[in-house]
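Results of the structural survey
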Amino acid sequence: MNSIRALNAFYNKSYSKRPILTLCVTNGILGAISDTLAQSISFYEHSKLDPYLPEKIRKHEDLWPPAPRWDFARTFRFAAYNFCVAPFGGKWYMFLDRYFPMPASVATAALARQANQMAIKRMVTDQALFAPTGLVLFFTVMGLAETGNWEGVREKFRDAYLPALIANYKVWPAVQFINFKFMPLQYRLPFVSSLGILWNAYLSWLNNASKQEESVLEKLEKKDTNLEVVQSA
């Protein structure tokens, strides 16, 4: 308990001095934890978790290369991405605070209703604008980082974007309502990132599965092309 209090005090002190840097470091660490969990899931009873991937992503799963012992580059990419996007998340929550202000207290039923309405407005705005945009940014950055070309980005969107967006709307509206209603501003991004460890692990897992499937499809395409050349010769 004392260690939690000390960590909380350290975080608040750091946030008061350097809010954006504090959010970046916190988000980066949580991102690394998320990918670590995702890779651990891949190594543990992998076959039992396969049905949770979209069918078109795991169509050629039996041809995927075996996972390496540990992909440190993947963990670094995920941590770096979370570090870099933290300022956007922090500024977004500040924007919502400014345009949908909460009442100073909820001492009366009317004020409590107003607080609920403001939390709902924040949540709806967040899920309508920030959630789909955040996924666009995630799959664009990961596609470019992994393949270095826009074709890789298009493949990510074709395979993984819609499943991720559908999963988002099953989970995050309730989480964000709680976040916007009860969490102070400085805790909102860490709260979301902490509860989102499983979500980010899912994104990392989905992103990597998409990468593996596209790699197999490219090899099969080349094989078919080479076969056509041989036959025509």
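These lines cover the structure that appears in this document, whether it is placed above or below. Predicted model only: the values in this text are computed from it and were never measured. Residue indices begin from 1 for each chain and proceed along its sequence in written order. In keeping with the model being predicted, local features are shown solely for residues with a pLDDT of at least 70 and side-chain atom pairs are shown and tallied solely at 80 or more, while totals for entire chains, interfaces and linings include all residues. Side-chain descriptors were evaluated using all non-hydrogen atoms of the structure, hydrogens and water having been removed beforehand.

**What to know about the side chain of Asn179**
Secondary structure elements follow DSSP: runs of H or I no shorter than four residues count as helices, runs of E no shorter than two count as strands, and numbering proceeds from the N terminus. Structurally, Asn179 can be placed in helix α6 (residues 150-182). In what follows, residue pairs with any heavy atoms lying within 4.5 Å of each other are defined as contacts. With sequence-adjacent residues up to four places away left out, Asn179 is seen in contact with Tyr93, Arg188, Phe191 and Val192.

**A few points about the packing of α6 against helix α7 (residues 185-195)**
Where α6 meets α7, the closest approach of the two axes is 10 Å, and the angle between their N-to-C directions is 150°. If you check the angle between α6 and α7, you find them roughly antiparallel. Where α6 crosses over α7, the handedness of that crossing is right-handed. In this structure, α6 uses Trp172, Val175, Gln176, Ile178, Asn179 and Phe180 to contact α7, whose residues at the interface are Arg188, Phe191, Val192 and Leu195. Under the scheme applied here, ten amino acids are nonpolar (Ala, Val, Leu, Ile, Met, Phe, Trp, Tyr, Cys and Pro), four are charged (Asp, Glu, Lys and Arg), and all others, including Gly, are polar. The class makeup of the residues in the contact of α6 with α7 is 7 nonpolar, 2 polar and 1 charged. Angles here are taken between N-to-C directions and fall from 0 to 180 degrees, while the axes themselves are lines fitted to C-alpha atoms, restricted in helices to the stretch in contact. By definition in this entry, angles of less than 35 degrees are roughly parallel, angles greater than 145 are roughly antiparallel, angles of 65 to 115 are roughly perpendicular, and the rest are oblique. In this scheme, a crossing is called left-handed if the near helix is turned counterclockwise away from the far one by less than a right angle; it is called right-handed if the turn is clockwise.

**Notes on the pattern of salt bridges**
Basic side-chain nitrogens of Lys or Arg form a salt bridge, by our definition, when they fall within 4 Å of a carboxyl oxygen of Asp or Glu. In total, this model carries 6 salt bridges according to the counting rule given. Note that Asp97 is salt-bridged to Arg122, the shortest N-O span being 3.1 Å. Of this pair, Asp97 sits in helix α4 (residues 72-99) while Arg122 sits in helix α5 (residues 109-147), placing them 25 residues apart in sequence. In this scheme, a residue with accessible area under 20% of its type's maximum is buried, one over 50% is exposed, and one in between is partly exposed, where area comes from a 1.4 Å probe on protein chains only. Take Asp97: its relative accessible area is 22%, and that puts it in the partly exposed class. In this structure, the salt-bridge partner of Asp97 is Arg188, at a minimum N-O distance of 2.4 Å. Note that Asp97 is positioned in helix α4 and Arg188 in helix α7, a separation of 91 residues in sequence.

**Quick word on the environment of Ala201**
For Ala201, the location among the structural elements is in helix α8 (residues 197-232). Sequence spacing of Ala201 and Leu37 is 164 residues, and the spatial spacing of their C-alpha atoms is 6.0 Å. Discounting chain neighbours no more than four positions away, the residues touching Ala201 are Ser34, Leu37 and Ala38.

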